[in-house]
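Chain and residue survey
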Amino acid sequence: MNFQRIFVAATCAVALAAAPASPQRTVPAKKPAAVASKPDMLPTQVLLDRAGYSPGEIDGAGGANTQRAIAAYERDKKTTIAEALASNTEPPTITYTISGEDVSAPFTPNIPEDMMEKAKLKKLEYSSLIEMLGERFHASPALLRKLNPGAKLTPGEAITVPNTQIVSALESKPIPNITVKVSKSNSTLTVTDESGATLMHAPVTSGSEHDPLPIGSWTVTAVVRNPTFNYNPDLFWDAEPSHAKAKVPPGPNGPVGVVWIDISKPHYGIHGTPEPRTVGHTSSHGCVRLSNWDALKLAAMVGKGTKVEFTE
């Protein structure tokens, strides 16, 4: 079967939650107390990423996803993250030289939010070079700008990037006798082998109040790379009444990102996302959402028949 020809039909989509900040003005003291700066979490996030315990999008600040990854790493490795950092010899950042190929890659700079407008496009590529580089090195565009103030992002320019393991989009041979476990309460996905050893740990978004994660045991039925999304508004409780069925083109900014892993539960799957910063923080329409790079890593491990367990 040519899985590249499969059109993904699912209840899944990205649902973002945003709350406007309320600016507050304060009267400074005559001698303001020194404010302690936040610790640089970049070395920790890179170490975790390289060890297979994804902190999600690397931003140098950390957060719930990073803390969950630290807890899993310390549990499995029987050591503390401080000890691991002390013995680590890999630098947290490396130098990357931008190529002409990077700059000339196809981009989709203006991506509409409306699903019907998305369907009119030929491809949903990265919106910019910095977004593409961010996904390649598992970093937020804001972190790349911080690491490279004044960078023009031109061919031949050397920039500083996180020292992560780049995930290939090429297909790999599935690993036999593994289990993919998704924890609803912990917002994590873990891949274990038959001995119980952890092969992968990553943050996920898994369902919402309207579309809860289907708790139970399932199996992988197909792995689709660069999927076209078969949009059916009847499957979305929050769809616009004017919407009709449509095929949304593939690409990293497509509704399900660069990978769709179909499971035996109809209309549900594990997939990537165009918004890696939201993974682990916002709701989805029932499916399991990973960053594109974590979805690619998972896709290289699983195959038809791989066991999938969704738990509370």
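Residues numbered from 1 in each chain as written. Predicted model: local features only at pLDDT ≥ 70, side-chain atom pairs only at ≥ 80, totals over all residues. Heavy atoms only, no water.

Describing the overall build of the chain
Keep this limit in mind: A run of H or I in DSSP becomes a helix once it reaches four residues, and a run of E becomes a strand once it reaches two; helices and strands are each numbered from the N terminus. Whether two residues touch is decided by their heavy atoms; if any such pair falls within 4.5 Å, the residues are in contact.
Each helix and strand in the chain was counted, giving 8 helices and 14 strands. Restricting to contacts in the chain with at least 6 residues of sequence separation, those with at least 24 account for 66%.

Observations regarding the pattern of salt bridges
Operational definition: A side-chain nitrogen of Lys or Arg and a carboxyl oxygen of Asp or Glu constitute a salt bridge if their distance falls within 4 Å. Using a 1.4 Å probe on the protein chains alone, a residue whose accessible area is under 20% of its type maximum counts as buried, one over 50% counts as exposed, and one in between counts as partly exposed.
Taken as a whole and assessed by the stated rule, the structure comprises 7 salt bridges. Of the charged contacts, one joins E90 and R50 as a salt bridge, the two residues approaching to 3.9 Å between their closest N and O atoms. Note that E90 is positioned in the loop between α3 (81-87) and β2 (93-97) and R50 in helix α1 (residues 42-51), a separation of 40 residues in sequence. Judged by its relative accessible area of 37%, E90 is partly exposed.

Quick notes on the nonpolar core
Note the cut-off: We call a set of buried residues a nonpolar core when its members are Ala, Val, Leu, Ile, Met, Phe, Trp, Tyr or Cys and they connect through side-chain atoms within 4.5 Å of each other.
Ranked by size, the top nonpolar core spans 38 residues in total, and within it L189, I261, I270, L298 and V302 carry the most contacts. Contributions of two or more residues to this core are made by β4 (179-183), β5 (188-192), β6 (198-203), β8 (216-225), β9 (228-231), β11 (259-263), α8 (292-299) and β14 (307-311). With sequence-adjacent residues up to four places away left out, L298 is seen in contact with V180, L189, V191, M200, I261, I270 and L290. Core analysis: the second largest hydrophobic core is formed by 17 residues, L42, A105, L143 and V161 among them.

Observations concerning the sheet that holds β11
To keep it simple, the criterion reads: Paired strands, in this sense, are two strands between which DSSP finds at least two bridges. Only C-alpha atoms enter the line fits that serve as axes; for helices the fit covers just the stretch in contact. Angles between N-to-C directions range over 0 to 180 degrees.
On the basis of which strands lie adjacent, the open sheet formed by 9 strands has the order β6-β5-β4-β14-β8-β11-β12-β13-β7 and mixed pairing. Either end of the sheet is taken by a strand with one partner, and the two such strands are β6 and β7 (205-206). In this structure, β4 lies alongside β5, joined through 5 bridges in antiparallel fashion. Bridging from a neighbouring strand, K181 pairs with T190 of β5. This element, helix α2 (residues 64-77), spans β5 and β6 of the sheet and lies at about 160° to β6.

Considering α2
It helps to recall that an α-helix has 3.6 residues per turn; residues three or four apart then point in one direction. Convention followed: To estimate the expected span of a helix, subtract one from its residue number and multiply by 1.5 Å.
Taking 1.5 Å as the rise per residue, α2 with 14 residues should run 20 Å; its terminal C-alpha atoms sit 20 Å apart, in good agreement. Turning to α2, its buried residues are N65, T66, A69, I70, A72 and Y73. As for α2, its buried residues are in contact with α1, α3 and β6. In the stretch just after α2, K78 is the one whose phi turns positive, near 55°.

So, the pairing of β14
Burial along β14 is one-sided: V308 and F310 are buried, and none of K307, E309 and T311, which face the opposite way, are. Judged from the 5 bridges that link them, β4 and β14 form a sheet pairing that is parallel. Its bridge partner being in β14, S183 is matched across the sheet by T311.

So, the confidence of the model for the chain
A low pLDDT means the predicted coordinates there should not be read in detail. Heads up, the rule is: pLDDT gives the predictor's per-residue confidence on a scale running from 0 to 100.
Mean pLDDT over the chain works out to 87, with 85% of the residues at or above the 70 mark. In the predicted structure, residues 1-7 sits below a pLDDT of 50 and forms 12 contacts with residues beyond four places in sequence or in another chain. Segment residues 13-37: pLDDT under 50, and 16 contacts once partners within four positions in sequence are set aside and those in other chains are kept.

Remarks on the packing of α1 against α2
Stated precisely, the cut-off is as follows: The scheme is simple: roughly parallel for angles under 35 degrees, roughly antiparallel for over 145, roughly perpendicular for 65 to 115, oblique for anything else. By the definition used in this description, the sense in which the near helix is turned from the far one sets the handedness, with an anticlockwise turn below a right angle giving left-handed and a clockwise turn giving right-handed. Gly is placed with the polar residues, together with every amino acid not listed as nonpolar (Ala, Val, Leu, Ile, Met, Phe, Trp, Tyr, Cys and Pro) or charged (Asp, Glu, Lys and Arg).
It is the contact of α1 with α2, at a shortest axis distance of 10 Å, that shows an interaxial angle of 55°. As summarised for this structure, α1 and α2 are arranged oblique, according to the angle between their axes. Crossing of α1 against α2: the hand is left-handed. Of the residues in α2, those in contact with T44, Q45, L47, L48 and A51 of α1 are T66, A69, I70 and Y73. Its residues assigned to classes, the contact of α1 with α2 comprises 6 nonpolar, 3 polar and no charged.

A closer look at the packing of aromatic side chains
We apply this condition: Pairing of aromatic rings covers Phe, Tyr and Trp, the last counted by its six-membered ring, and requires centre-to-centre distances within 6.5 Å; plane angles under 30 degrees mean stacked, over 60 mean edge-to-face, and any other angle means tilted.
Under the defined criterion, the tally for this structure stands at 2 aromatic pairs. Ring geometry for Y53 and Y73: centres 5.5 Å apart, planes at 85°, overall edge-to-face. Here Y53, found in the loop between α1 and α2, pairs with Y73, found in helix α2; they are 20 residues apart in sequence, far enough to count as distant. Judged by its relative accessible area of 3%, Y53 is buried. On the basis of relative accessibility, which here comes to 10%, the residue Y73 falls in the buried class.

Comments concerning the pairing of β11
Of all 5 residues making up β11, 4 are buried, and the element is well covered by its neighbours. Pairing between β8 and β11: 5 bridges, direction antiparallel. Among the inter-strand pairings, A222 is bridged to a residue of β11, identified as D262. As judged from the 3 bridges shared by β11 and strand β12 (residues 269-271), these two strands associate in the antiparallel manner. Paired with D262 across the two strands is G269, which belongs to β12. Adjacent in sequence and paired antiparallel, β11 and β12 are bridged by 5 residues, among which H267 carries a positive phi angle near 75°.

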